[in-house]
Amino acid sequence: MTVYSDSMFTNELAKYYDAMRAYRDYGKEARFADALIQKHCPGTGRVLDLCCGTGEHAIKMTEMDYQVTGIDLSKDMLAVAREKAEKSGLSIDFIHGDVNDFETSTKFRAVYCLGYTLLYMTTHQKAMDFFNAINRILEPGGIFIVDFINGWSIADTWHKDKVTYSFDDATIFLSEQATLDRKNRLKHLEFHYLIDEFNGKVKTVFAEEDLRIYFEDEVGLLLSSCGFEKIEYYGDHKLNTDIKDLPEIVIVSGLKKG
Ligand SMILES: C[S@@+](CC[C@H](N)C(=O)[O-])C[C@H]1O[C@@H](n2cnc3c(N)ncnc32)[C@H](O)[C@@H]1O
């Protein structure tokens, strides 16, 4: 029997999320966020990690002495995050919720959303709702940082046909199928997982998602229209704003007007 997962971030898939993202350097990403925050808002000590997932950035930022609040829609991802923070002896406020509804009486001076979550905002309206929600929880002059995979890479290369992940307690076979919806600038991905946890039963999980094809100038314009200014573009976590060479990972920052 194949279990349908309504997202890539629930149940078994949350449990194995970190292992399947081992190719990412969360320490480097967090140091980059720290550098941007301190460049624009020196002295900031309290930050909001939007769509924090399993808490890797939140943990790294806490280790750099930030006071971090993380918010995520997936209870399963948050359970992993809380367990890791507890094991590391770190105090991090992980909140279950939708970023679009999040309200706070004390606004933040720095908010970041890393891990390409913007790609799940599949229309301009959804991206603008998201940016407006962030604007409401930022102090005037506060910084917002968001990353995504550039549209060319999403369209051309951003999927694996077949991959095997081998862990001590499981082997996961993943087969991905991708189709492009050029009109709506979407890439539709279908994921078929076979999860063998060496207990005599193999689980099969099917998940699918749409990723929006975004480009940096487009994201910058959307941010400007939602009350952000001093928009800057970075590539591949380098502190150089010259990104003519079309990096795979694009980071855009903006300051709340005010
Ligand atoms: C690609 S993962 C990124 C997780 C983490 N930031 C990282 O870099 O590994 C996207 C995360 O966004 C969360 N998410 C998606 N939409 C959300 C929303 N509207 N509000 C809160 N979390 C959301 C998902 O549950 C998932 O954990």
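Here we look at the overall build of the chain
And then number 1: Helices and strands together make up the secondary structure of the chain, namely 8 helices and 12 strands.
And then number 2: Computed over C-alpha atoms, the radius of gyration of the chain comes to 18 Å, within 12% of the 18 Å expected from 2.2 N^0.38 for 258 residues, which places it in the range of a compact globule.
And then number 3: A principal-axis box enclosing the C-alpha atoms of the chain has dimensions of 60 × 45 × 30 Å.
And then number 4: Sorting the 258 residues of the chain into buried and exposed places 36% on the buried side.
And then number 5: For the chain, the proportion of contacts with a sequence separation of at least 24, taken over those separated by at least 6, is 68%.

A short note on unusual backbone geometry
And then number 1: The backbone phi angle of Tyr116 is positive, close to 70°, even though this residue is not glycine.
And then number 2: Judged by the 18 C-beta atoms lying within 10 Å of it, Tyr116 falls in the partly exposed class.
And then number 3: Phi at Lys230 is positive, roughly 50°, even though this residue is not glycine.
And then number 4: When you line up the elements, Lys230 lands in strand S11 (residues 228-235).

Structural notes on the domain arrangement of the chain
And then number 1: The domain architecture assigned to the chain consists of domain 1 (6-151 + 214-256) and domain 2 (153-211).
And then number 2: With 13 residues of domain 1 in contact, the opposing surface of domain 2 contributes 15 residues.
And then number 3: Those elements that provide at least two residues to the side of domain 1 that touches domain 2 are helix H1 (11-15) and helix H2 (17-20).
And then number 4: Split into classes, the residues belonging to the side of domain 1 that touches domain 2 amount to 7 nonpolar, 4 polar and 2 charged.

Quick look at the nonpolar core
And then number 1: Of all hydrophobic cores here, the largest spans 69 residues; its most connected members are Val47, Val111 and Tyr112.
And then number 2: Here this core gets 7 residues from one element, more than from any other, and that element is strand S6 (residues 138-149).
And then number 3: Here this core spans two domains, and each of domain 1 (6-151 + 214-256) and domain 2 (153-211) adds at least three residues to it.
And then number 4: Residues in contact with Val47, not counting those within four places in the same chain, are Ile37, Met61, Tyr66, Val68, Phe108, Ala110, Val111 and Tyr112.

Here's the deal with the site of the ligand
And then number 1: What surrounds the ligand is a group of 19 residues, the closest being Cys51, Gly53, Leu73, Ser74 and Gly115.
And then number 2: Class assignment for the residues of the shell around the ligand results in 10 nonpolar, 5 polar and 4 charged.

Observations concerning helix H4 (residues 56-63)
And then number 1: Counting buried residues along H4, 6 of its 8 residues qualify, which places the element largely inside the surrounding structure.
And then number 2: On its buried face, H4 sits against helix H3 (26-40), strand S2 (46-50), strand S3 (67-72) and helix H5 (75-87).
And then number 3: In the segment just after H4, Asp65 is the residue with positive phi, at about 80°.

A closer look at the environment of His192
And then number 1: Assignment of secondary structure puts His192 in strand S9 (residues 186-196).
And then number 2: Taking C-alpha positions, His192 is 9.6 Å from Lys162, a pair spaced 30 residues apart along the chain.
And then number 3: The residues touching His192, leaving out its near neighbours within four places in the chain, are Ser175 and Phe206.

Overview of the packing of H3 against H4
Relative orientation and spacing of two packed helices are given, respectively, by the angle between their axes and the distance between those axes.
And then number 1: Look at H3 against H4: their axes get within 9 Å of each other, and the N-to-C directions meet at 60°. Between H3 and H4, the angle falls in the class oblique. Taken as a pair, H3 and H4 cross one another with a handedness that is right-handed. Of the residues in H4, those touching H3 at Tyr26, Gly27, Glu29, Ala30, Ala33 and Asp34 are Glu56, His57, Lys60 and Met61.

What counts and what doesn't
- Along each chain, residue indices are assigned from 1 in the same order as the chain's sequence is written.
- Only residues with pLDDT of at least 70 get local features here, since the model is predicted, and only at 80 or more are side-chain atom pairs given and counted; chain-wide, interface and lining totals rely on the full set of residues.
- Counting from the N terminus, the helices are the DSSP runs of H or I reaching at least four residues and the strands are the DSSP runs of E reaching at least two.
- The globule rule used here is 2.2 Å times the number of residues to the 0.38 power, and the radius of gyration it is set against is calculated over C-alpha atoms.
- Three classes are used. A residue is buried when 20 or more other C-beta atoms lie within 10 Å of its own, exposed when 12 or fewer do, and partly exposed in between, with C-beta atoms placed from the backbone.
- It is the C-beta atoms, placed from the backbone, that decide contacts: two residues are in contact if theirs lie within 7 Å.
- Residue ranges assigned to each domain were obtained from an automatic or database domain assignment.
- Put simply, Ala, Val, Leu, Ile, Met, Phe, Trp, Tyr, Cys and Pro go in the nonpolar bin, Asp, Glu, Lys and Arg in the charged bin, and everything else, Gly too, in the polar bin.
- The term nonpolar core refers to a set of buried Ala, Val, Leu, Ile, Met, Phe, Trp, Tyr and Cys residues connected through C-beta atoms within 7 Å.
- Should the C-beta atom of a residue, placed from the backbone, lie within 6 Å of a molecule or strand, that residue is near it.
- Helix axes use the C-alpha atoms of the stretch in contact, all axes being lines fitted to C-alpha atoms, and the angles between their N-to-C directions lie in the range 0 to 180 degrees.
- If an angle is under 35 degrees, it is roughly parallel; if it is over 145, roughly antiparallel; if it lies from 65 to 115, roughly perpendicular; otherwise it is oblique.
- Left-handed is the label given to a crossing in which the near helix is rotated counterclockwise from the far helix by less than a right angle, and right-handed is the label when the rotation is clockwise.

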